[in-house]
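# A look at the structure
What follows is the residue order along each chain.
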Amino acid sequence: METMALQIHIASVVVLALIIASNIAVILSQKDDRKLRKYLRIQATAWSTVLSMVIFTGMIFMAVVQTGFTIKIITMIAASLALITLETRRHLDLKRARPESECFEKFRKRALRYYIFELLWILMVGGIAPQLS
């Protein structure tokens, strides 16, 4: 049961990283502002669903293993809060940006920066958390 809970948690983290990587690729490749805006609004649902899955499977793993709040767990919680904050800021920026304008170009740069930070958070926590005790 422990192994399965951990595997599901890790798989959901990998899926979230793949979603973020695909968002970076779409921002860099999509030149039509309206299509990009529509894509980012639709994918936000998938992003939120997968992040919820990451949090939920993490809580299930904590319950199965019956662990307390260790440094590892606190690090993962902090990473989740950072991801939620970055995604909220990106969403608010997208709401304010108007396609076919200069502000949308600024949005593209900020959104790219947000997604890069999100991907770095996931990679750092994925690499650091197993080393923490």
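Described below are features of the structure shown in this document. Not measured: the values here are computed from a predicted model. (Residues numbered from 1 in each chain as written. Predicted model: local features only at pLDDT ≥ 70, side-chain atom pairs only at ≥ 80, totals over all residues. Heavy atoms only, no water.)

### Quick word on helix α3 (residues 71-96)
The end-to-end C-alpha separation of α3 is 38 Å, in line with the 38 Å expected for 26 residues at 1.5 Å each. Inspection of α3 places Ile73, Ala79, Ser80, Ala82, Leu83, Leu86, Glu87, Arg90, Asp93 and Leu94 among the buried residues, and these make up the whole buried set. (Helix = DSSP H or I, 4+ residues; strand = E, 2+ residues; numbered from the N terminus. Expected span 1.5 Å × (residues − 1). Buried < 20%, exposed > 50% of the residue type's maximum accessible area, 1.4 Å probe, protein only.)

### Digging into the side chain of Glu87
Note on placement: Glu87 falls in helix α3. Of note is the side chain of Glu87, whose polar atom sits 2.8 Å from the side chain of Arg90. Among residues more than four places away in sequence, those in contact with Glu87 are Gln43, Ala44, Trp47, Tyr115 and Glu118. (Polar contact = N/O pair within 3.5 Å; in protein donor to acceptor, adjacent residues only side chain to side chain. Contact = heavy atoms within 4.5 Å.)

### What to know about the packing of helix α2 (residues 33-65) against α3
Orientation of α2 relative to α3, taken along the N-to-C sense of each, is 165°, at an axis distance of 11 Å. Compared by their axis directions, α2 and α3 come out roughly antiparallel. Handedness of the crossing formed by α2 with α3: left-handed. Across the interface between the two elements, Arg37, Leu40, Arg41, Gln43, Ala44, Trp47, Leu51, Ile55 and Met62 of α2 pack against Ile73, Ser80, Leu83, Ile84, Glu87, Arg90, Leu94 and Lys95 of α3. (Axes fitted to C-alpha atoms, helices over the stretch in contact; angles between N-to-C directions. Parallel < 35°, antiparallel > 145°, perpendicular 65-115°, else oblique. Left-handed = near helix turned anticlockwise from the far one by under 90°.)

### Topic: unusual backbone geometry
In the Ramachandran plot, Glu100 falls in the positive-phi region, its phi being about 65° despite a non-glycine side chain. Within the secondary structure layout, Glu100 lies in the loop between α3 and α4 (102-128). On the basis of relative accessibility, which here comes to 52%, the residue Glu100 falls in the exposed class.

### Some thoughts on the environment of Phe69
Checked against the element boundaries, Phe69 lands in the loop between α2 and α3. If we skip the residues at most four places from it in the chain, Phe69 touches Met62, Ile74 and Ile77.

### Brief notes about the pattern of salt bridges
The tally for this structure, following the rule as stated, stands at six salt bridges. Across the salt bridge formed by Arg108 and Asp33, the nearest N and O atoms sit 2.9 Å from each other. You can see Arg108 sitting in helix α4 and its partner Asp33 sitting in helix α2, a full 75 residues away along the chain. Of the charged contacts in the structure, one is a salt bridge between Asp93 and Arg96, with a shortest N-O distance of 3.3 Å. Of this pair, Asp93 and Arg96 both sit in helix α3, three residues apart, roughly one helical turn. One network of salt bridges, with partners in common, ties together Asp33, Glu105 and Arg108. (Salt bridge = Lys/Arg side-chain N within 4 Å of Asp/Glu carboxyl O.)

### Let's talk about the packing of helix α1 (residues 2-29) against α2
For the pair α1 and α2, interaxial distance at closest approach is 9 Å and the crossing angle is 160°. Classed by the angle they form, the pair α1 and α2 counts as roughly antiparallel. Crossing angle aside, the handedness with which α1 passes α2 is left-handed. By residue class, the composition of the contact of α1 with α2 is 22 nonpolar, seven polar and one charged. (Nonpolar A, V, L, I, M, F, W, Y, C, P; charged D, E, K, R; others polar.)

### Some words on the nonpolar core
In terms of nonpolar packing, the biggest core is built from 23 residues, with Leu16, Ile20, Trp47 and Phe107 touching the most fellow members. Within the residue set of this core, elements represented by two or more residues are α1, α2, α3 and α4. Apart from residues lying up to four places away in sequence, Ile20 is in contact with Trp47, Tyr115, Glu118, Leu119 and Ile122. (Core = buried A, V, L, I, M, F, W, Y, C linked by side-chain atoms within 4.5 Å.)

### Here we look at a nonpolar patch on the surface
Judged by side-chain polarity, Ile55, Phe56, Met59, Ile60, Phe69, Ile74, Ile77, Leu81 and Ile84 come together as a nonpolar surface patch covering roughly 850 Å² of accessible area. Elements represented by at least two residues in the nonpolar patch include exactly α2 and α3. Residue position: Leu81 is located in helix α3. (Patch = residues over 30% accessible without salt bridge, like charges linked within 9 Å, V, L, I, M, F, W, Y side chains within 5 Å. Areas by Shrake-Rupley, 256 points an atom, 1.4 Å probe, with all protein chains shown as cover.)

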